[in-house]
Amino acid sequence: DTGVSQDPRHKITKRGQNVTFRCDPISEHNRLYWYRQTLGQGPEFLTYFQNEAQLEKSRLLSDRFSAERPKGSFSTLEIQRTEQGDSAMYLCASSLGSLADTQYFGPGTRLTVL
Amino acid sequence: AQSVTQPDIHITVSEGASLELRCNYSYGATPYLFWYVQSPGQGLQLLLKYFSGDTLVQGIKGFEAEFKRSQSSFNLRKPSVHWSDAAEYFCAVAPLGGGNKLTFGTGTQLKVEL
């Protein structure tokens, strides 16, 4: 069990650029979640997958954001035309997918939009 | 919509002293309840969780939490704090059934004085 990994750990980009983050969940986990955490706040739910199906998206996930989990394993989160307000820590978590199970979090990707 | 309130933004305790971090939730029914800890550069780590049954829950690192339905509270406690406990602590709730997406409080930053 190597835990949840995220890549890159840090990303600095200019406003208007596109960025993509990757999350590799714990291997046997069926569910994968994305959260966003801004300074001084708790993480906020963005979206989650059950295997390759995206089952729920938050209103926070504007049309500039897209997430995929093509083979039910790793996931990518893409932000198009980044804005300064997108600067945050993007967290990924995975879980087995059973009722009331535990989510295990990765270390996060810190995005800074200049 | 569910919400989580952590009324204490910062708490400072002396090493060896007891600790209680407060958490109140607002939800239509009793949700699943969690406490996570986040250290700088580290991912969120689950301390403990409550789903049902005994209202006093034991977790890792000597932490415990008590669920009080009448007060909609789930306060975290530790009888004797260690310097390594300095971190940010988040209370979170998840709805019964349906994806287990977490709603987090804003966190309590714990400082431990030696």
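Our subject is the structure listed above.
Residues numbered from 1 in each chain as written. Chains lettered and ligands numbered in written order. Predicted model: local features only at pLDDT ≥ 70, side-chain atom pairs only at ≥ 80, totals over all residues. Heavy atoms only, no water.

Peer 1: Teacher, can you tell me more about the pairing of strand E7 (residues 65–68) of chain A here?
Peer 2: On any regular strand, side chains alternate: one points to one face of the sheet, the next to the other face. All names here are of chain A. Only one face of E7 is covered, namely the one carrying Phe65 and Ala67; the face carrying Ser66 and Glu68 has none of its residues buried. With four bridges joining them, E7 and strand E8 (residues 75–79) adopt antiparallel strand pairing. Across the sheet, Glu68 pairs through a bridge with Thr76, a residue of E8. Where E7 folds back onto E8 in an antiparallel hairpin, the turn is made up of six residues, including Gly72, whose phi is positive at roughly 75°. (Buried < 20%, exposed > 50% of the residue type's maximum accessible area, 1.4 Å probe, protein only. Helix = DSSP H or I, 4+ residues; strand = E, 2+ residues; numbered from the N terminus. Pairing = 2+ DSSP bridges.)

Peer 1: Would you mind showing me how to read the packing of aromatic side chains here?
Peer 2: The relation between two aromatic rings is expressed through the spacing of the ring centres and the mutual angle of the planes. Residue and element names in this part refer to chain A. Counting across every chain of the model gives 18 aromatic pairs over all chains. Considering the side-chain rings of Tyr33 and Tyr48, the 5.3 Å spacing of their centres and the 20° angle between planes classify their relative orientation as stacked. Taken together, the residues span a long stretch of sequence, with Tyr33 in strand E4 (residues 31–37) and Tyr48 in strand E5 (residues 44–50) at a distance of 15 residues. Judged on exposure class, the residue Tyr33 and its partner Tyr48 are both buried. (Phe/Tyr/Trp six-rings, centres within 6.5 Å; stacked < 30°, edge-to-face > 60°.)

Peer 1: What's the story with unusual backbone geometry in this structure? I'm lost.
Peer 2: In most cases, non-glycine residues show a negative phi, while peptide bonds are predominantly trans. Cis geometry is adopted by the peptide bond preceding Pro8(A), which originates at Asp7(A) and carries an omega value of -5°. Positionally, Pro8(A) belongs in the loop between strand E1 (5–7) and strand E2 (10–13). A positive phi is found at Arg81(A), a non-glycine position, where the angle reads about 50°. Relative to the assigned elements, Arg81(A) resides in the loop between E8 and strand E9 (88–95). By relative accessible area, Arg81(A) is classed as partly exposed at 45%. A positive phi angle is found at Lys61(B), which is not glycine, with a value near 60°. In this structure, Lys61(B) sits in the loop between strand E7 (56–58) and strand E8 (64–68).

Peer 1: Can you help me understand the pairing of strand E9 (residues 73–78) of chain B in this one?
Peer 2: All names here are of chain B. Most of E9 sits inside the fold, with five of its six residues counted as buried. In this sheet, E9 lies alongside strand E3 (residues 19–21) in antiparallel orientation, the contact comprising three bridges. By the bridge assignment, Leu19 is partnered in E9 with Lys78. As paired elements, E8 and E9 share five bridges and run antiparallel to each other. Directly across from Lys68, in E9, lies its bridge partner Ser73.

Peer 1: Explanation requested: the interface of chain A and chain B in the structure shown.
Peer 2: Accessible area lost during the coming together of the parts is what is often quoted as the interface size. Each side of the interface is counted separately: chain A has 22 residues, and chain B has 20 residues. At the boundary of chain A with chain B, total buried surface from both sides reaches about 1,600 Å², with 51% on carbon and sulfur atoms. For the pair chain A and chain B, the number of links is one salt bridge. When the shortest N-O distance is used, the salt bridge between Lys101(B) and Glu56(A) registers 2.4 Å. Only E4 and E5 of chain A provide two or more residues apiece to the side of chain A that touches chain B. Ranked by residue count, the leading element in the side of chain A that touches chain B is E4(A), at four residues. Partitioning the side of chain A that touches chain B into residue classes produces 10 nonpolar, eight polar and four charged. (Contact = heavy atoms within 4.5 Å. Buried area = accessible area lost by both parts, 1.4 Å probe. Salt bridge = Lys/Arg side-chain N within 4 Å of Asp/Glu carboxyl O. Nonpolar A, V, L, I, M, F, W, Y, C, P; charged D, E, K, R; others polar.)

Peer 1: Please clarify how the pattern of salt bridges should be interpreted in this entry.
Peer 2: Opposite charge on two side chains allows them to pair when their charged atoms are near. Overall, the coordinates contain eight salt bridges over all chains when judged by the stated rule. Here Arg77(B) and Glu66(B) are joined by a salt bridge, their closest N and O atoms 3.1 Å apart. Of this pair, Arg77(B) sits in strand E9 while Glu66(B) sits in strand E8, and the two are 11 residues apart along the sequence. For Glu66(B), a relative accessible area of 23% translates into the label partly exposed. The partner of Asp85(B) in a salt bridge is Lys78(B), and the shortest N-O contact between them spans 2.8 Å. The exposure class of Lys78(B) is buried, given its relative accessible area of 10%. If you follow the salt bridges from partner to partner, you end up with Arg64(A), Glu83(A) and Asp86(A) in one network.

These results come straight from atomic positions and should not be treated as a statement about function.
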